Amino acid sequence: MQQALQTYLSRFPDAADSPAGIRQWWLTPELQAVSLDTLREALMELVALGRVELRTLPDGTELYGRAAATDDRAPPQASDGAD
């Protein structure tokens, strides 16, 4: 899952979306069946690693996007096994 997210952000570095939008637009059809909770867990692990940035809009919407200092060459450190 994390690899799929990072691959998308490597191709579209200015992309930012909510978890529902990420599931619909960023993930392959095989991964779109993942629950929003599982997706949020993967996103939060990438946030903790400094690879993804979380912004919360005034209405409470969470937007995830590529962290400014991301080095796309390094593999993610954690995995949920659903890569």
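Residues numbered from 1 in each chain as written. Predicted model: local features only at pLDDT ≥ 70, side-chain atom pairs only at ≥ 80, totals over all residues. Heavy atoms only, no water.

### Focus on the pairing of strand S3 (residues 62–66)
Note on strand geometry: in a regular strand, side chains alternate between the two faces of the sheet.
Phase 1 of the analysis: The pairing of strand S1 (residues 16–17) with S3 spans two bridges and is antiparallel. Bridging across to S3, Asp17 finds its partner in Tyr64. (Pairing = 2+ DSSP bridges. Helix = DSSP H or I, 4+ residues; strand = E, 2+ residues; numbered from the N terminus.)

### Topic: the packing of helix H1 (residues 2–11) against helix H3 (residues 36–48)
Phase 1 of the analysis: Two elements in contact, H1 and H3, have axes whose closest approach is 10 Å; the angle formed by their N-to-C orientations is 65°. Crossing angle aside, the handedness with which H1 passes H3 is right-handed. Between H1 and H3, the residues in contact are Gln2, Leu5 and Gln6 and Leu39, Ala42, Leu43, Glu45 and Leu46, respectively.
Phase 2 of the analysis: Considered class by class, the residues forming the contact of H1 with H3 number five nonpolar, two polar and one charged. (Axes fitted to C-alpha atoms, helices over the stretch in contact; angles between N-to-C directions. Left-handed = near helix turned anticlockwise from the far one by under 90°. Contact = heavy atoms within 4.5 Å. Nonpolar A, V, L, I, M, F, W, Y, C, P; charged D, E, K, R; others polar.)

### So, the packing of aromatic side chains
Phase 1 of the analysis: Within this structure, the stated rule accounts for two aromatic pairs.
Phase 2 of the analysis: On the numbers, 4.7 Å between centres and 10° between planes, the contact of Tyr8 with Trp26 is stacked. Taken together, the residues span a long stretch of sequence, with Tyr8 in helix H1 and Trp26 in helix H2 (residues 19–26) at a distance of 18 residues. Residue Tyr8 shares its accessibility class with Trp26, and that shared class is buried. (Phe/Tyr/Trp six-rings, centres within 6.5 Å; stacked < 30°, edge-to-face > 60°. Buried < 20%, exposed > 50% of the residue type's maximum accessible area, 1.4 Å probe, protein only.)

### Regarding H2
Phase 1 of the analysis: Buried within H2 we find Pro19, Gly21, Ile22 and Trp26. Buried residues of H2 fall within an arc of 155° about the axis and therefore sit on the same side.
Phase 2 of the analysis: At its buried positions, H2 is contacted by H1, S1, H3 and S3. (Arc of directions from axis to C-beta.)

### Examining the nonpolar core
Phase 1 of the analysis: Membership of the largest hydrophobic core comes to 16 residues, with the highest contact counts inside it found for Met1, Leu5, Ile22, Trp26, Leu27, Leu39 and Leu43.
Phase 2 of the analysis: Considering every element that reaches this core, the biggest residue donor is H3, with four residues.
Phase 3 of the analysis: Leu5 has contacts with Ile22, Trp26, Leu27, Leu39, Ala42, Leu43 and Leu46, leaving out every residue within four places of it along the chain. (Core = buried A, V, L, I, M, F, W, Y, C linked by side-chain atoms within 4.5 Å.)

Geometric descriptors of this kind do not, in isolation, establish any biological role.
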